[in-house]
Amino acid sequence: MAEAASSVGQTADFETAIAECGFGLFNVFIMICSMPCLSAMVFSATAMSYVMPTAECELKLSLLDKGMMNAVTYAGMIISAIPWGFVADTMGRRLVLISGGWIDGICVLCAAMSQNSSQLMAFKFFDGFIVCGPFAVVVSNLAEFHGKKHRHFIMLFIGLSVSLGALTITLMAYFLLPVHIYFNVGKFHFHTWQIFLALTALPSLTSGFLHIFLPESPKFLMSQGNYSKALSSLQRIYAMNKRKSRDSYPITTLTDATPERSELQDPTGESPLRERFDRTKRRFYEGLKQLKPMFCSPYLALSTRVYSLHFCQIMCVNSVRLWLPQIFATMQTFQVNGILDKSMCAVLDHNTNRRSNTAVLKEECDIHQQPETYTNNIIVALVGLVGFLLFFPILRIRGVVNHILKVCLFISTFLVGGLYFSTSMGMTLIIASIYLTIMGVCASTIIGMSVVVFPTLMRTMVLLLIMTFGRLGSVTGNLLLPIFIQMSCWAPFLWLTSLMTIAFVMSLFLKVDFQQPLN
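Criteria and cut-off values
Residues numbered from 1 in each chain as written. Predicted model: local features only at pLDDT ≥ 70, side-chain atom pairs only at ≥ 80, totals over all residues. Heavy atoms only, no water. Helix = DSSP H or I, 4+ residues; strand = E, 2+ residues; numbered from the N terminus. Buried < 20%, exposed > 50% of the residue type's maximum accessible area, 1.4 Å probe, protein only. Contact = heavy atoms within 4.5 Å. Areas by Shrake-Rupley, 256 points an atom, 1.4 Å probe, with all protein chains shown as cover. Phe/Tyr/Trp six-rings, centres within 6.5 Å; stacked < 30°, edge-to-face > 60°. Core = buried A, V, L, I, M, F, W, Y, C linked by side-chain atoms within 4.5 Å. Expected span 1.5 Å × (residues − 1). Disulfide = S-S within 2.5 Å. Pairing = 2+ DSSP bridges. Salt bridge = Lys/Arg side-chain N within 4 Å of Asp/Glu carboxyl O. pLDDT = per-residue confidence, 0-100. Polar contact = N/O pair within 3.5 Å; in protein donor to acceptor, adjacent residues only side chain to side chain. Axes fitted to C-alpha atoms, helices over the stretch in contact; angles between N-to-C directions. Parallel < 35°, antiparallel > 145°, perpendicular 65-115°, else oblique. Left-handed = near helix turned anticlockwise from the far one by under 90°. Nonpolar A, V, L, I, M, F, W, Y, C, P; charged D, E, K, R; others polar.

### Considering the overall build of the chain
In terms of helices and strands, the chain carries 22 helices and four strands. In the chain, which comprises 519 residues, the proportion classed as buried is 57%. Expressed as a percentage of contacts within the chain between residues at least 6 apart in sequence, the contacts between residues at least 24 apart total 82%. When the accessible surface of the chain is totalled, it reaches about 21700 Å², and 68% of it is carbon and sulfur.

### Topic: the packing of aromatic side chains
Tallied over the full model, the rule gives 14 aromatic pairs. With a centroid separation of 5.4 Å and an interplanar angle of 55 degrees, the aromatic rings of Phe410 and Phe504 are classed as tilted. One end of the pair, Phe410, is in helix H19 (residues 398-418); the other, Phe504, is in helix H22 (residues 491-507), and 94 residues separate them in sequence. Judged by its relative accessible area of 43%, Phe410 falls in the partly exposed class.

### Overview of the nonpolar core
Residues Leu309, Leu409, Tyr435 and Leu510 are the most contacted members of the largest nonpolar core, which totals 65 residues. Counting residues per element, this core draws most heavily on helix H20 (residues 425-453), which supplies 14 residues.

### Here we look at helix H12 (residues 227-242)
With 16 residues, H12 extends 22 Å from end C-alpha to end C-alpha; this agrees with the ideal 22 Å at 1.5 Å per step. Of the residues making up H12, those classed as buried are Ala230, Leu231, Ser233, Leu234, Gln235, Ile237, Tyr238, Ala239 and Asn241. With its phi angle positive at about 60 degrees, Arg243 sits one or two positions after the end of H12.

### As for the state of the cysteines
All told, the structure shown has one disulfide when counted by the stated rule. Here Cys345 connects covalently by a disulfide to Cys489, the sulfurs 1.9 Å from one another. Looking down the S-S bond of the Cys345 and Cys489 bridge, the torsion is -95 degrees, so its handedness is left-handed. Of this pair, Cys345 sits in helix H16 (residues 344-353) while Cys489 is found in the loop between helix H21 (456-487) and H22, placing the two residues 144 residues apart along the sequence. Here Cys408 is not disulfide-linked; the sulfur of Cys442 is the nearest cysteine sulfur, at 4.5 Å. Given a relative accessible area of 5%, Cys408 falls into the buried group.

### Details of the pairing of strand E3 (residues 188-191)
Alignment of strand E2 (residues 182-185) against E3, held across four bridges, turns out to be antiparallel. Across the sheet, residue Tyr182 finds its bridge partner in E3, namely His191. Linking E2 to E3, which pair antiparallel, is a turn of two residues; within it Gly186 sits at a positive phi near 65 degrees.

### Structural notes on unusual backbone geometry
Phi is positive for Arg243, close to 60 degrees, though the residue is something other than glycine. Note that Arg243 resides in the loop between H12 and strand E4 (253-254). Accessibility expressed as a relative area gives 65% for Arg243, which makes it exposed.

### Examining the pattern of salt bridges
Pairs can form between side chains of opposite charge once their charged atoms are near each other. What the rule picks out here adds up to two salt bridges. Linking Glu144 and Arg93 is a salt bridge whose minimum nitrogen-to-oxygen distance equals 2.7 Å. Linking Glu144 in helix H7 (residues 117-144) with Arg93 in helix H6 (residues 93-112), this pair joins segments that are 51 residues apart in sequence. Neither Glu144 nor Arg93 differs from the other in exposure class; each is buried. A salt bridge links Lys124 to Asp127, with the nearest nitrogen and oxygen atoms 2.9 Å apart. Placement of the pair is Lys124 and Asp127 together in helix H7, with a separation of three residues, close to one helical turn. In this structure Lys124 comes out as buried when scored by relative accessible area, which is 3%.

### Quick word on helix H15 (residues 324-336)
Every α-helical turn comprises 3.6 residues, leaving residues that sit three or four positions apart pointing alike. Compared with the 18 Å implied by 1.5 Å per residue over 13 residues, the 18 Å span of H15 between its first and last C-alpha is a close match. Of all the 13 residues making up H15, ten are buried; the element is thus mostly covered by neighbouring parts of the structure. Restricting attention to buried positions, one finds in H15 the residues Leu324, Pro325, Ile327, Phe328, Ala329, Thr330, Met331, Gln332, Thr333 and Phe334.

### A short note on the confidence of the model for the chain
Taken as a whole, the chain shows an average pLDDT of 78; of its residues, 78% reach a score of 70 or greater. Here helix H1 (residues 2-8) stands out as the element of the chain with the lowest mean pLDDT, 43, in contrast to helix H10 (residues 202-210), whose mean of 93 is the highest. Note on residues 1-8: pLDDT is under 50 here. Beyond four places in sequence and across chains, it has three contacts. Confidence drops under a pLDDT of 50 for residues 257-273, and excluding neighbours within four residues, the segment shows 35 contacts in the predicted structure.

### Some thoughts on the side chain of Glu144
On the basis of relative accessible area, Glu144 is assigned to the buried category, the value being 0%. A distance of 2.7 Å separates the side chain of Glu144 from the side chain of Arg93, its partner in a polar contact.

### Re the packing of H6 against H10
At a minimum axis distance of 7 Å, the contact between H6 and H10 shows a crossing angle of 155 degrees. As summarised for this structure, H6 and H10 are arranged roughly antiparallel, according to the angle between their axes. As for the relative orientation of H6 and H10, their crossing is left-handed in sense. Between H6, through Leu97, Ile98, Gly101, Trp102, Asp104, Gly105, Ile106 and Leu109, and H10, the contact on the second element is made entirely by Ser204, Leu205, Ser207, Gly208 and Phe209. Taken together, the residues of the contact of H6 with H10 break down into seven nonpolar, five polar and one charged.

### Describing the packing of H6 against H7
Remark: H6 packs on H7, axes separated minimally by 8 Å, with the N-to-C direction vectors making an angle of 155 degrees. Looking at the two axes, H6 sits roughly antiparallel to H7. Here H6 and H7 pass one another in a crossing that is left-handed. Each residue belonging to the contact of H6 with H7 can be placed in one class, and the counts come to 15 nonpolar, five polar and five charged.

### Some details on the environment of Phe421
For Phe421, the position within the fold is in the loop between H19 and H20. Distance from Phe421 to Ser343, taken between C-alpha atoms, is 7.6 Å for residues 78 residues apart in sequence.

Now the structure itself:
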């Protein structure tokens, strides 16, 4: 045993130290804790698309109100990216995951208690503002608790969890939203969609609670120069995974070339208030310096390509995804009314012209609340979940990982264009399901690549900026899509195909390798 320990060496860098911890019970536990946080982002971003048919009737939402309702959550996410990045990369991952989860859960519950559209928009804005931080941090946190041997699986686990969250919220809509619920509590009136929104707060609240039981990221602690706490965190992981005592952990000293931040944490927490304030102010200025490497070689060209690619692909995928429930609802309306033409042009033309007919709008509002409306959305979510399960094994092959982004974007370019030629609900369902699944893999691949190529103290900030560009794409796409729809039937599909082509060309200049050591 002594010879085995000496072969590992008592001094080790992060990758060696985390590899010595192995993969076991702790890793399973941290993934379980992360799943609610990953689902919370999906719930926040998509909940309104499911409650809109009911909410537009009961809150008497105008077309402008509905457009703002779809955009307001993304607006909150965009604004909060930089502040959350600073907090996570200076104060720690654990603080953001605990406090962010609880605060976001409270914001969602407040949104569920809203009595008018203004209150609902305000609280959905704060929902987006808060949930942005924990989602980006949990990605960094998962990567920093796993060695490079398992890190590529973690990136696909994130995509799998997001797909599972999308399936869960669709099933919730299927079983709950068709039920007519109405009751009063004092001056507050509650409907079905408010109960639905209240239930979407559970992932955030659960995430905040579960992360109390997890230690701080050892990689983050090492970047702060706090090697003793990092070693204690690694010993805890080792003890849970190996079922041995902490003292048997063979690494006794951690080392990096240089810590990324020299100032150590105050071990006692008993320094005077002014001293703690000054230290916090210095950390803020140091946090601003985190942006400087992004504008210098070698990260400037890389980050520009990543941001641009993610902007294009998310603009394209969310233009389809957020319109899909409306498209299926319209096709369901056609089926109920005996209309045979279910081509994409007929669907888009119907949605463009019906806005002026209040009687038709009210009638369709009732049809949209039937369970059958959500069936196709459940199938799309299930295909996405199965797709990620199928992609898990092939990502062990390094050559596949290096080319998967290019291949997926190339295929997606033809799929999104193929929607124009869809003439039935079944064809639309097949094309949309495959397209959204493949694009989900692309998004996870971009995030996974960014985790390993950017340094620790830039990592969360970069992930937040990547997601910010993606959300800018979502807002831009959903503002531009109605304009293209009004121009002609083929215009939106030509536009979406062009976006996918641009994303594919940019992917040719990116190298994807999940198995390289963390910077």
